[in-house]
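Structural characterization, general
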Amino acid sequence: MEKSNLTIADLQSHVDSWIKEIGVRYFSPLTNLAILMEEVGELARLMARKYGDQSFKEGESEENIKRELGDILFVVSCLANQMDVSLEEAVKLTLEKNTRRDKDRHKQNPKLQS
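**Focus on the packing of helix H2 (residues 29–51) against helix H3 (residues 64–82)**
With their axes 9 Å apart at the nearest point, H2 and H3 run at an angle of 160 degrees to one another. With respect to each other, H2 and H3 are oriented roughly antiparallel. As H2 runs across H3, the sense of the crossing is left-handed. Across from Pro 29, Asn 32, Leu 33, Ile 35, Leu 36, Glu 39, Val 40, Glu 42, Leu 43, Leu 46, Met 47 and Lys 50 in H2, the residues of H3 making contact are Asn 64, Ile 65, Glu 68, Leu 69, Asp 71, Ile 72, Val 75, Val 76, Cys 78, Leu 79 and Gln 82. When the residues that make up the contact of H2 with H3 are grouped by side-chain class, the tally is 15 nonpolar, three polar and five charged.

Next comes the structure, spelled out in structure tokens:
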């Protein structure tokens, strides 16, 4: 895959091609959900080390955060592909929902004022 601007639709397409060419087939959606939870846990562990009170173990570094975020996007793309969901459309719907719900909420939150 070349370095370029990658749309979410491109991501889903690349993941689908990879699964079909290298991965043989998709794991079941339930298996992919379990894998997603595992990947989120791995990200959480690294975030606790970088931003929390824990220190990195030997062989771990903050550079691994990029890999874990990539793993999460990969598995989310797998799930979306399996359920025939456009992640672009899903994100648009979420942004619309959050904008309607939170239009003034965060601006009025004294905890967020700097």
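**Considering the pattern of salt bridges**
Scanning all chains against the criterion turns up seven salt bridges. One salt bridge connects Arg 49 with Glu 60, and the closest N-O pair in it is separated by 2.6 Å. Separated by eleven residues along the polypeptide, Arg 49 in helix H2 and Glu 60 in the loop between H2 and H3 bring together distant segments of the chain. The two residues Arg 49 and Glu 60 agree in class, both being buried. Counted as one network, the salt bridges with shared partners bring together Arg 45, Arg 49 and Glu 60.

What counts and what doesn't
- Residues numbered from 1 in each chain as written.
- Predicted model: local features only at pLDDT ≥ 70, side-chain atom pairs only at ≥ 80, totals over all residues.
- Heavy atoms only, no water.
- Axes fitted to C-alpha atoms, helices over the stretch in contact; angles between N-to-C directions.
- Helix = DSSP H or I, 4+ residues; strand = E, 2+ residues; numbered from the N terminus.
- Parallel < 35°, antiparallel > 145°, perpendicular 65-115°, else oblique.
- Left-handed = near helix turned anticlockwise from the far one by under 90°.
- Contact = heavy atoms within 4.5 Å.
- Nonpolar A, V, L, I, M, F, W, Y, C, P; charged D, E, K, R; others polar.
- Salt bridge = Lys/Arg side-chain N within 4 Å of Asp/Glu carboxyl O.
- Buried < 20%, exposed > 50% of the residue type's maximum accessible area, 1.4 Å probe, protein only.

Any link to function would need more than the numbers given here.
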